[in-house]
Amino acid sequence: MRVMPAELVFPDLPERVREVIRTLGDAGHEVAIVGGAVRDRLIGLAHRGEWDAATAARPEEVASLFPGATWENRFGTVTIGAEPLVEVTSYRAEGTYRDRRRPEEVRFGVSLTEDLERRDFTINAMAWLPMDLDAGRGTLVDPVGGQTDLDARILRAVGEPRERFAEDALRLIRAARFAGRLGLTMDPATEQAIREAAPTVETVSAERVRDELMRILALDATPSVAIGILERLGLLVVILPELAALRGVPQSKAVPGDALDHSLAAVDAAAATDPPELRLAALLHDLGKATTLRDGHFIGHEDVSAVLAANVLLRLRVPRALADSVVGAIRHHMYDYDSAWTDAAVRRFVRRLDGIDRDLLFALRRADNAASGVGPAGEANQDELEARIAEQLEAEHALLVDRRLAIDGHDLQRELGMPPGPEIGAVLDRLTELVLDDPTQNRRDILLDHARRR
Ligand code: ATP
Ligand code: MG
C-alpha cells in the first residue's frame, strides 16, 4: 500500500531549527525533522529538549557547514550548540550488531525512508520534510505506520521486535520511557519480545543506561509510570536490583504502599523543573529499607541507603560531584527537627551538614514528606527549620558562614607554647563547640583566654 504524503504544519519552529534547515537546504542537501519533535507535534505536546534533524549530507559536510559544532565521528551525529540543541544525523542504515550495543558498521548515502526504517519504534520513525519553511509547511513521511499507532496510543517496534531488541538492548528501556511518558499500550509482540530480552539489558554500557534513566527521571509527567513499566517487564531488577528489592517491604505510613511505592511517590513529588539530582536522590533515598527492617523500624536505614546509593551511582558512572551530593543528602535525610531546638542546636546541625548540599537535602526531605503523607504540619516544620538556619547564617556567625574559628593551631603553638600534636585538635574542637553555643565568643582574645584556662 502506498500512502500519500500528508501535509503537516509546524507553526512554531524555533529560529535555530529553521537556521539549521536553511543552511543545509541552501547547500543543496535534503533535510528533515525527525524523532521526538515530530511525534510531539502530532499529539499536540510542546516539545522540550533537543531537536533531531536528519539529512542526506554526510557528517563531514554537515560539520563543514556549522563551524564550532561537535561532531561525533563514528555515528555521524553533529550537535549544533546553543538552545535548543539541534542534533543532525546523516541518513544511514546500520549493519549487524554483534554485541547488542553498537552497530558494527554504519552505511551512509541511503534514503530518508531507509533511515526511518532503522529506527526503534513506529511513533519515532516519522519525519517532517519542509516545503515552505517560512510558513512552517511541509509533508509527513511515515513509512511504517507511526501515525496510526500514535493515534491508537500503541508502542510498536519497527519490524520484527526480537531482532530490533537484539540489535540494541537500550531500546528496552526506551520502550518504558515512551510508553510511560505518552501513556501508550504495548503492542503484544513488542511487549513479549521485551520480556524475553530483559536480561540482555545488562549488556548495555553503563553510560547509556544512566542517560536513559536520567531522561526517565526528567519526564514532565510522573516518572513513576515509566519506572513501573520497567518493573513490570523485568527490566528494573536488571538495571536497579537494589530498588526492585524494595517491592513488598512493608511501610507504616499515612499513605498505603510498600517501600518501592514510597520511593516512586517521592520521585513524583519532586518537579521535573527541579535539579535532576533531586529525583535521583528521591529514587535511591530508601534503598536501605530492604535489609534494615527490625520490629517495625528501619534502624539506621539512611546509612545503608547511602552506601547502596553510592554503589549504584558508581556503577552507572554518574559524575563524582553529583553522586557525592546525592549520597550526602541520602545519608542525612532522617533528621528530626522540632521547635524546641535552641539556636545553638540549629548551629550544631548546620555544622554537622558541613560539605552537604543543604538545598538538595531539604528538597529531598520535602519530597519524602509529601510521599509519606506527612501533611501541612511537616511542611511547616521544614519551613521553620530553614528559616531558623537562614537566621543563623544571616547573623554571619563566622563559624557557619566561612567555617572559620578566630584562631588556629599555629596561634595555640605561638601564644601558649603548645607542642604540635593531637592535643591541639582537641582544644580546637572544644573551642568550636563553645562558639557554636555562643558565637560572640569567636574572638581571638577570648578564645586564647579559654585555651589558657584549659
Ligand atoms: P525525546 O523527545 O525524548 O528526545 P526522541 O524520540 O527524540 O525523544 P531521541 O533519543 O532524541 O528520542 O532519539 C531521536 C530519534 O532517533 C528517535 O525518535 C528514534 O527515531 C531514533 N533513535 C534514538 N535512539 C535509538 C535507538 N537506540 N535505536 C533506534 N533508534 C533510535
Ligand atoms: Mg530527541
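These numbers come from a predicted model, not from an experiment. (Residues numbered from 1 in each chain as written. Chains lettered and ligands numbered in written order. Predicted model: local features only at pLDDT ≥ 70, side-chain atom pairs only at ≥ 80, totals over all residues. Heavy atoms only, no water.)

## Quick look at the site of ligand 1
Around ligand 1 sit 16 residues in total, of which Gly36, Arg39, Glu50, Arg171 and Arg177 are the nearest. The contact in question runs from an oxygen atom of ligand 1 to an N or O atom on the backbone of Asn124, over 2.9 Å. A distance of 2.8 Å separates an oxygen atom of ligand 1 from a polar side-chain atom of Arg215. Elements that contribute at least two residues to the shell around ligand 1 include exactly α2 (36-43), α7 (170-182) and α9 (206-217). When residues of the shell around ligand 1 are assigned to their parent elements, the largest contribution, four residues, is made by α7. (Near = heavy atom within 4 Å. Polar contact = N/O pair within 3.5 Å; in protein donor to acceptor, adjacent residues only side chain to side chain. Helix = DSSP H or I, 4+ residues; strand = E, 2+ residues; numbered from the N terminus.)

## Remarks on unusual backbone geometry
Although it is not a glycine, Arg153 adopts a positive phi angle of roughly 55 degrees. Assignment of secondary structure puts Arg153 in the loop between α5 (146-151) and β11 (154-155). When its relative accessible area of 33% is taken as the criterion, Arg153 is described as partly exposed. Phi at Asp295 takes a positive value of approximately 50 degrees, unusual for a residue other than glycine. Inspection of the secondary structure puts Asp295 in the loop between β13 (293-294) and β14 (297-298). (Buried < 20%, exposed > 50% of the residue type's maximum accessible area, 1.4 Å probe, protein only.)

## Some details on the pattern of salt bridges
Should their charged atoms come close, side chains of opposite charge can pair. Enumeration over the complete set of coordinates arrives at 44 salt bridges. The salt bridge involving Arg443 is made with Asp445; its shortest N-O contact spans 2.8 Å. Residue Arg443 is classed as partly exposed on the basis of its relative accessible area of 45%. Of the residues examined, Asp445 reaches a relative accessible area of 44% and is grouped as partly exposed. Connected via shared salt-bridge partners are Glu15, Arg18, Arg22 and Asp134. (Salt bridge = Lys/Arg side-chain N within 4 Å of Asp/Glu carboxyl O.)

## Examining helix α1 (residues 15-26)
Compared with the 16 Å implied by 1.5 Å per residue over 12 residues, the 16 Å span of α1 between its first and last C-alpha is a close match. The set of residues buried in α1 consists of Arg16, Val17, Arg18, Val20, Ile21 and Leu24. Residues of α1 that are buried make contact with β2 (31-34), β3 (51-55), α3 (59-65), β5 (77-80), β6 (86-90) and β9 (127-132). Of the residues flanking the end of α1, it is Gly28, one or two places downstream, whose phi is positive at about 90 degrees. (Expected span 1.5 Å × (residues − 1). Contact = heavy atoms within 4.5 Å.)

## Let's talk about helix α24 (residues 444-452)
All buried positions along α24 are accounted for by Leu447, Leu448, His450 and Ala451. All buried residues of α24 project into a common sector of 155 degrees when viewed along the axis, lining one side. Residues of α24 that are buried make contact with α22 (409-416) and α23 (422-437). (Arc of directions from axis to C-beta.)

## Regarding the domain arrangement of the protein
Partitioning the protein into domains gives domain 1 (3-149) and domain 2 (405-452). The C-alpha centroid of domain 2 is placed 66 Å from the C-alpha centroid of domain 1. (Domains from an automatic or database assignment.)

## Considering the pairing of β3
Taking burial as the measure, the five residues of β3 include five buried ones, the bulk of the element. Burial of β3 is two-sided: the residues Trp51, Ala53 and Thr55 facing one way and the residues Asp52 and Ala54 facing the other way are all buried. In this structure, β2 lies alongside β3, joined through four bridges in antiparallel fashion. Bridged to Ile33 within β3 is Ala53. (Pairing = 2+ DSSP bridges.)

## Section: the side chain of Arg18
In this structure, Arg18 sits in helix α1. When its relative accessible area of 11% is taken as the criterion, Arg18 is described as buried. Look past the residues within four positions of Arg18 in its chain and what remains in contact with it is Pro11, Leu13, Leu133 and Asp134.

## Details of the nonpolar core
In summary, soluble globular proteins display a tendency toward joint burial of nonpolar side chains. The biggest cluster of nonpolar side chains holds 107 residues, and the ones touching the most others in it are Leu155, Leu240, Leu283 and Leu284. When residues of this core are assigned to their parent elements, the largest contribution, eight residues, is made by α7. Apart from residues no more than four positions distant in its own chain, Leu283 is found in contact with Leu217, Ile227, Leu240, Leu243, Ser263, Leu264 and Val267. (Core = buried A, V, L, I, M, F, W, Y, C linked by side-chain atoms within 4.5 Å.)

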